[in-house]
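Coordinate inspection notes
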Amino acid sequence: MIPFLDLERIHKPLEKEIISAISKVIRSNRFLLGEEAELFEQEFARYCNTGYCAAVGSGLDALHLILRAYGIGPGDEVILPANTYIATALAVTYAGATPVFAEPDEKTFNIDAAGIKPVISHRTKAIIPVHLYGQTADMDPILELGRRHNLKVIEDAAQAHGALYKNRPAGSLGDAAAFSFYPGKNLGALGDGGAVTSNDRELIDKIKMLRNYGSARKYVHEYKGFNSRLDEIQAAVLRIKLRHLEEWNSQRCHIANRYLKQITNVNVGLPYVAPENKPVWHVFAIKSRKRNELQQRLKDSVIETLIHYPVAIVNQTAYSELNLDAKGYKLSQALADSILSLPVYPGLTEEEITRVVNVINAWV
């Protein structure tokens, strides 16, 4: 079987190093807000070409705490894509603001300035472009729109560790950025984790307090904060894996390039890569009007696939109170009905890539 994702292929070569790092943390008896997290923050900030980083408990928390730190809350609106994972919307909801959904660009599946502009209102306070599947949104026009309307631009870079936009890394493109280290991400922990990157030291300092009950000093609380701290074991593991991220992203790019060049079935739509982008292929999503039939054909050939995401947020019961008209989000719904994600991860063999390609090309 070709699994959609096989973490053992990623972890096995690093097993001794990871176990050694975990043992070191155990011997230190310091499990929160210690040296490993501080070093990881420094190293990840350098990787993203930003001045600062705050490590937190998850990608959802990273987005939520950015919004809180900016004072965005009840009565405010935040614009985000209609075709993203629900966590992006939940962060807005947790802050007390209202999510406003924009349709994506038809070619890249990312929201762009053209889709954002019509839904800006006097209540809009921020835009969250999601770098979907590991390809950055077209950020310069979005940033210009943000400046014109005095809006914060917050990158949801949960799927884009190492992605480049005009040779600038994801995480350094907006006012702040949120990353997830969920185990299946390009840079994944052995559990949950997240981070905020920014060149705004005041913002990062506030987030570091908000993540720790609103406190910079024990028992002294400047804010009504939260409990969202990246633990030392996860930080130690992430420090090891960060050193391999560029190599792993190169492997993902190799697999994606083979798919792009060798999948020739006219019934399958391949991803579009904008010329200014260098994606890192967290997901390789193809399109087909008969997606379910293709997925079954691949399953019959013992090839596992996934769908990102089968139900658009505008159709989720969780957001039924917004009374959204799904007819206004035809492209997002069409993507939900046609997208199919292929295996793309470090350790996938040339023979396995060939098998995926051959099964798709032979499908009628």
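This text goes with the structure placed above it.
One structure accompanies this document, and this report is about it. (Residues numbered from 1 in each chain as written. Predicted model: local features only at pLDDT ≥ 70, side-chain atom pairs only at ≥ 80, totals over all residues. Heavy atoms only, no water.)

1. Details of the sheet that holds strand β6 (residues 164-165)
The 3 strands are arranged β7-β6-β12 in an open sheet whose pairing can be described as antiparallel. Both edges of this open sheet fall to β7 (168-169) and β12 (277-278), since each of them pairs with a single strand only. Relative to β12, β6 runs antiparallel, the two being bridged by 2 bridges. Pairing of L164 across the sheet is with K278, part of β12. (Pairing = 2+ DSSP bridges. Helix = DSSP H or I, 4+ residues; strand = E, 2+ residues; numbered from the N terminus.)

2. Observations concerning the nonpolar core
Judged by nonpolar contacts, the single largest core of 35 residues is most densely connected at I66, L67, V78, F101, I154 and I207. Counting residues per element, this core draws most heavily on helix α4 (residues 59-69), which supplies 6 residues. The contacts of I207, once residues within four sequence positions are left out, are A54, V56, L65, I66, A69 and V196. The next biggest cluster of nonpolar side chains, apart from the first, holds 24 residues, and it includes I2, A256, L340 and V357. (Core = buried A, V, L, I, M, F, W, Y, C linked by side-chain atoms within 4.5 Å. Buried < 20%, exposed > 50% of the residue type's maximum accessible area, 1.4 Å probe, protein only. Contact = heavy atoms within 4.5 Å.)

3. Comments concerning the pattern of salt bridges
All chains considered together, the criterion is met by 15 salt bridges. One salt bridge in this structure joins E15 and K12, with 3.2 Å as the shortest N-O distance. The partner of D76 in a salt bridge is K125, and the shortest N-O contact between them spans 3.5 Å. Linking D76 in the loop between α4 and β2 (77-81) with K125 in strand β4 (residues 124-127), this pair joins segments that are 49 residues apart in sequence. Taking the relative accessible area as the measure of exposure, K125 reaches 32% and is therefore partly exposed. (Salt bridge = Lys/Arg side-chain N within 4 Å of Asp/Glu carboxyl O.)

4. Structural notes on helix α9 (residues 232-242)
Burial analysis of α9 places 10 of its 11 residues in the buried class, the great majority of the element. All of the buried residues along α9 are E232, Q234, A235, A236, V237, L238, R239, I240, K241 and L242. The secondary structure elements touched by the buried residues of α9 are α1 (7-11), α2 (15-28), α3 (35-47) and α10 (245-262). Two or three places before I233, at the start of α9, stands the capping residue D231, its side-chain oxygen 2.9 Å from that residue's backbone nitrogen. (Polar contact = N/O pair within 3.5 Å; in protein donor to acceptor, adjacent residues only side chain to side chain.)

5. Some points on unusual backbone geometry
That bond from H308 to Y309 is cis: its omega, 5°, falls within 30 degrees of zero. Mapped onto the elements of the fold, Y309 is located in the loop between α11 (291-300) and α12 (330-338). Positive phi values are uncommon outside glycine, yet N49 reaches one of about 60°. Exposure remark for N49: the relative accessible area of 54% places this residue in the exposed category.

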